[in-house]
Structure formats: structure tokens, C-alpha cells
Amino acid sequence: MIDSLSTSAAGAPQLGERLQRVRSAIDHAARSNERSADDITLIVVTKFHPASLVRDLVELGVNDFGENRHQEASAKAAELRDLPINWHFVGQLQSNKAKAVRSYANTVHSVDRASVVSALDTPGADLLDCFLQLNLTEDPQRGGVSDEGLERLAEQVLAAQSLRLRGVMAVAPLDENPRRAFERVRLASERLRRMEPSADAISAGMSHDFVDAIAEGATHLRIGSAITGNRPAQG
Ligand SMILES: *Cc1c(COP(=O)(O)O)cnc(C)c1O
């Protein structure tokens, strides 16, 4: 596969190398924490990158991709609909876009308020996997539900007919030690599992902090630049 890539896409071997390096680091971190890398899903976040990069990564064996803007995500999903891809929506979600996100996303990682839950819930539709995004900062402008609001939001998702609660999601704040931030995420996950034992997934860990996230139990890593290289300027 890598051979065919090197002839079809300039720069692809480099991409393969970066992917391989991240995969080895995940394996190593999992083993150091007596976990199996098989229990960890690598989601490659491809925002601002062209669909052709996603195609190259599928050739390299990646099937899970993350996007954070609806327009860009829906265009890529349409262009790549021939490929076996699970799309993960990881960006802040406006209620008026929620229904449209459902049309291509397999999983939404950023459920953070009641209006988004009701906008996503489409009785009769297939189950949509959802993560509750936690706000680990004091800033209400950042996406995510507050620590105190977790149980109430979980009840709303559990009561929805077409949503499946998978677990919690978070982004580590810039001004906090990531290991400590992810420890808070793990504690929130334990609270959620007391309500719904099957909601045991943890979406945490990005390019610079995924090793700490794995140590605190992350099951879904959202890794962008360490694999894709720097993002092109925002268009
Ligand atoms: C962009 C983004 C990522 C990936 O970030 P990198 O630092 O490039 O790995 C992960 N999660 C969310 C929510 C993002 O917006």
C-alpha cells in the first residue's frame, strides 16, 4: 500500500512515517499503563486539510476521522463517500446545524447542552453515538458542560430516542498540567458510568498530550498535526 502511495501522491511516505510514529507512541503508552492499544481508537483530525489527505490516510489503514466545522466536514464526507470512513464531529455544535451533522457523522463528541440534544435527537433514525463534552476551564465561552451539569445532561441524552451515550470528551486547558486535567476527566467518567455502565468511553488526548490521556484511561484519541503536519492557513 505504501508503495502505491509513493508513486501516486507526493509527500505520502512522510505522512506514513508520521502515522507510524504516532501509532508506536500509542502502543508504548498503552503498554506502560498495562492497557491494550486495541482498546484505543485513533481518530485523525483532518480539519483545514484537503479530502486528498484523508484518502491517503485511508490507504494507510485509518478509518476514523475528525472534523470540527460542519461545512467542511459535510463537503469532505460527500466527496469521500466511496470510502469506509467513520466521521467524528469534534467541534462546537450549533443547534441549527445539528440535524445536518447527523446526515454524515457517525459520532458527535461535542454534546454540551440541552438544545443540542434535542436538535440531534431524531426519533426513528439510527442511533447516533454521542460524547458529553466537559468544560475543564472556568470560561463559559469554551465548549462543554460544567462539572455540576454533567448528570443532568447525561439524563437528557439517555432519555433521547435516537442517541447512544458513549462517554465523556474533553480538551485539556492550556494553563493546566494535562495529566491533572485528564485525571478530572477520568473522575467525571466514573460518575457517568455510575449512571450508565455502558457509557465508558473517554475521548481525550491530542497531538501534544495523548500520552497523558492514555495514562488516565482515554479510549478515543483525537490527533491532528502530529500526523497531518501543520494545518494550512485557515481559509
Ligand atoms: C483540532 C482538534 C484536535 C487535534 O488537535 P492537534 O493538536 O492538531 O492534534 C483535537 N480535538 C479537537 C476538538 C480539535 O478541534
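Residues numbered from 1 in each chain as written. Predicted model: local features only at pLDDT ≥ 70, side-chain atom pairs only at ≥ 80, totals over all residues. Heavy atoms only, no water.

- The name given to the protein in an unreviewed UniProt entry is Pyridoxal phosphate homeostasis protein, with the source organism recorded as Homoserinimonas hongtaonis.
- Of the protein, the UniProt comment under Sequence similarities (unreviewed entry) reads exactly: "Belongs to the pyridoxal phosphate-binding protein YggS/PROSC family."
- In UniProt, the protein has this text filed under Function (unreviewed entry): "Pyridoxal 5'-phosphate (PLP)-binding protein, which is involved in PLP homeostasis." (UniProt positions renumbered as here; feature names shortened; annotations may be inferred.)

## Looking at the packing of aromatic side chains
Move 1: Inspection of the entire model under this criterion finds one aromatic pair.
Move 2: Centre to centre, the rings of Phe65 and Trp87 are 6.0 Å apart; their planes meet at 45°, and the pair counts as tilted. Placement of the pair is Phe65 in strand 2 (residues 64–67) and Trp87 in strand 3 (residues 86–89), with a sequence separation of 22 residues. For the residue pair Phe65 and Trp87, the accessibility class agrees, reading buried in each case. (Phe/Tyr/Trp six-rings, centres within 6.5 Å; stacked < 30°, edge-to-face > 60°. Helix = DSSP H or I, 4+ residues; strand = E, 2+ residues; numbered from the N terminus. Buried < 20%, exposed > 50% of the residue type's maximum accessible area, 1.4 Å probe, protein only.)

## So, helix 3 (residues 51–59)
Move 1: Listed in full, the buried residues belonging to helix 3 are Ala51, Leu53, Val54, Asp56, Leu57 and Val58.
Move 2: Of the residues one or two after helix 3, Gly61 is the one with positive phi, at around 100°.

## Quick word on unusual backbone geometry
Move 1: The phi angle at Glu34 is positive, at roughly 50°, despite the residue not being glycine.
Move 2: By secondary structure assignment, the location of Glu34 is in the loop between helix 2 (12–32) and strand 1 (41–45).
Move 3: Since its relative accessible area comes to 77%, Glu34 is described here as exposed.
Move 4: A positive phi is found at Phe48, a non-glycine position, where the angle reads about 70°.
Move 5: Relative to the helices and strands, Phe48 resides in the loop between strand 1 and helix 3.

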